[in-house]
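Chain by chain, the residues:
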Amino acid sequence: DLTPDQIPLTESLLDCMDRTKKIWVDKISYELACGKNVMVVAHANTLRGLVKIIDDIGDEEIQSIAIPTGIPIIYKFDKNLNPIPPSHNQENVVQMHMNGCFLEKPGLLKQAIKREEEWCNSVPDYSKVMERTNYGLNPLQSSLSKLEAERKVQDWAQQFVDESEEEEDDGTDGKLTLVDMDKVWEEGMKDVEDGEYFDPDRPSFEAEPDNEVGSAKENDEDEVVVNLYNDSPCITVDPLPAARKVPGIGDVPIQRSSSVIVMIRHGKTENNKLGLFTGWDDVPLAVEGVEEAKAAGKLLKLHGFEFDAVYTSWLSRAIETAWLVMDSMDCLWLPIIKSWRLNERMYGELTGLSKAMVKQRHGDEQFKAWRRGYAVRPPPCSSFSPIYPGNDQRYRKYLKDLRFSVSESLIRSIEQKEISIHRKLPKSESLKDCMDRTIPYFTETIMPESVEKGKRVLISSSENAIRGLLMHLCEIPEDKISGLEIPNGLPLIYDLNSKCIKLLDDGSGEDPLEKYNFGASAPYLFRPCTLPDGSLADECDINFMSDGNDLTEKESDIIANIRMPSKV
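The following paragraphs examine the structure supplied in this document. (Residues numbered from 1 in each chain as written. Predicted model: local features only at pLDDT ≥ 70, side-chain atom pairs only at ≥ 80, totals over all residues. Heavy atoms only, no water.)

A few words now on the packing of aromatic side chains. Scanning all chains against the criterion turns up 10 aromatic pairs. Where Phe277 meets Tyr347, the ring centres are 5.0 Å apart and the plane angle is 55°; that geometry is what we call tilted. Taken as a pair, Phe277 in the loop between helix H9 (270–274) and helix H10 (287–302) and Tyr347 in the loop between strand S9 (336–338) and helix H12 (355–362) lie far apart in primary sequence, 70 residues in all. According to the relative accessible area criterion, Tyr347 is buried, its value standing at 8%. Ring centres 5.1 Å apart and planes at 85° place the aromatic pair Phe518 and Phe526 in the edge-to-face group. The class for Phe518 is buried, based on a relative accessible area of 2%. An aromatic cluster of at least three residues, connected via ring pairs, comprises Trp280, Trp314, Trp340 and Tyr395. Stacked on the ring of Phe277, the Lys or Arg Lys355 has its end atom at 5.6 Å from the ring centre. Its end group placed over the ring of Tyr388, Lys427 keeps NZ or CZ at 5.5 Å from the ring centre. (Phe/Tyr/Trp six-rings, centres within 6.5 Å; stacked < 30°, edge-to-face > 60°. Helix = DSSP H or I, 4+ residues; strand = E, 2+ residues; numbered from the N terminus. Buried < 20%, exposed > 50% of the residue type's maximum accessible area, 1.4 Å probe, protein only. Lys NZ or Arg CZ within 6 Å of the ring centre and 35° of its normal.)

Structure representation (structure tokens):
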């Protein structure tokens, strides 16, 4: 909203505060008038600007207003958007000239953090015990991790117990036999990781030989290896960063100004590692997934990629992946456009279940139909199930582009004893259902709003949503799309000119078709990259070389220069 000559070279405090007026008038006040709660995370002087507007503070008085670091300031408004003065009691911490109320007295937070650090340094595993959640772990693993940490704290605290005191009689006469449930669950988790059935109530946790199932990563028996259209995928080896020099040429600049689409499946989650159906279950990234996303961002930056628009789903794992990629590329300031239409497929009653267990209970044929059938939906979840999106506030409150459901509205109205209108959210989806919402969003929103305007686009999403995009872009037949696998955390580059998928050279020298599993339908992704006039794309003249590790630096520089001569 600024022309190049309007961008400030320097600002006074008054200049900084004045530019916050537009965001207050155009954005914040509008959201408040719609009855929404608004959170603003900004800097001291921009927040001073908002406070100045809200409380109508003079130019002299505003200079005395302090904005402490990390302490939320709460404002409440009447229907005319006038700030409501806080009640005068000892619990409210206010500042002169302001109607905003500090959530706590400035300075107390730092003292609490200091005390917390002291405990962390003196008590073993104190932080693990006090954590609300363990990052990247499902509830069962989180409980086991916290249990182990609590045990260590108990061992540490034992040094303060006087063992000379007589033990109190528990009334069992020594005949009580205890089961070490910690050990049971630890062994059970190992079984789950190996894809085996685990029931803590059974006396034995070893699966019978005739009931053994495969690992969490399934390999369908009827899957066959087919020859690729070309011997290896198109690996784009861009010039080295400008800090490196090509002998006899000098610095090689990185420049990517043309429109491009980069798709990336979120990094691994604990559900992925354990082979669980995840769907719309909002699980975070595992530690490995975080590292995969960071590595993807660094690789994209190394190859000179920049983005103008970032699209992702409403699921945390996709949002986290986009954020980590952007962080590694130093472009966190880019806005992220979120849409539920980029969500993973909704697995209904299968959500959260072990794939190995589902296969064992329902048989291989039914398992394959639910997991890979193009038009087959898994069993739907109940309207009152915790996994039903209609019970999730984000979909119930903010999803506006689906029609209303008469039956769901009737059920909710009867249950709540008042009229309640609900939208027709999915209780289960086939692969086709997922693509029926993903592809239209791409063609009707992403293409006209970004790609057709020459913007460089990053799409961070889940496996089945990306399958839908690739089905559309690479013209993959319906009967072949279920055979396509999408690796976690791997950037897939779609070239709009040659209309093919390219992979970035990570410098490892490994064949990506051996390193990553793209499934039996990989040939539809890695066709020869031809331009509209039928010629082979320049970047594909030299394909992946499996012995690339044996190349000298000089040879690598020469190959890079051959591929991208126009950039020298």
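So, next bit.
Next up on the list: the side chain of Ser461. Inspection of the secondary structure assignment puts Ser461 in strand S10 (residues 457–461). With relative accessibility at 0%, the residue Ser461 sits in the buried group. Beyond its immediate stretch of four places on either side in the chain, Ser461 contacts Ile264, Arg265, His266, Ala318, Leu342 and Ile466. (Contact = heavy atoms within 4.5 Å.)

Where helix H2 (residues 20–33) contacts helix H3 (residues 44–55), the two axes come as close as 9 Å, and the packing angle between them is 65°. Crossing angle aside, the handedness with which H2 passes H3 is right-handed. Touching Thr20, Lys21, Ile23, Trp24 and Ile28 of H2 are Thr46, Gly49, Leu50, Ile53 and Ile54, all from H3. Each residue belonging to the contact of H2 with H3 can be placed in one class, and the counts come to 6 nonpolar, 3 polar and 1 charged. (Axes fitted to C-alpha atoms, helices over the stretch in contact; angles between N-to-C directions. Left-handed = near helix turned anticlockwise from the far one by under 90°. Nonpolar A, V, L, I, M, F, W, Y, C, P; charged D, E, K, R; others polar.)

Bringing the environment of Lys453 into the picture now. You can see Lys453 is positioned in the loop between helix H16 (431–449) and S10. Residue class for Lys453 comes out exposed when judged on its relative accessible area of 59%. Remark: the alpha-carbon pair of Lys453 and Ser259, spanning 194 residues in sequence, is separated by 8.3 Å.

This part takes up the sheet that holds strand S2 (residues 93–94). The strands making up a sheet associate through hydrogen bonds between their backbones, and the pairing can be parallel or antiparallel. Across the sheet, 3 strands lie side by side as S1-S3-S2; this open sheet has antiparallel pairing. Each edge of the open sheet is held by one strand with a lone partner, namely strand S1 (73–74) and S2. Note that S1 and strand S3 (residues 101–102) share 2 bridges and pair antiparallel. Its bridge partner lying in S3, Ile74 is registered against Cys101. (Pairing = 2+ DSSP bridges.)

Along the chain, Asp433 turns up in helix H16. With relative accessibility at 19%, the residue Asp433 sits in the buried group. A polar side-chain atom of Asp433 sits 3.0 Å from the main-chain amide nitrogen of Ser430. Excluding its chain neighbours within four sequence positions, the residues that come into contact with Asp433 are Arg377 and Ser428. (Polar contact = N/O pair within 3.5 Å; in protein donor to acceptor, adjacent residues only side chain to side chain.)

With that settled, the discussion passes to the pairing of strand S8 (residues 309–312). The alternating pattern of S8 places Ala309 and Tyr311 and Val310 and Thr312 on opposite faces, both of which are buried. Where S8 lies against S10, 4 bridges are found, and the strand directions are parallel. From the neighbouring strand, Val310 faces S10, where its bridge partner is Leu458. Bridge analysis of S8 against S9 gives 3 bridges, and the strand direction is parallel.

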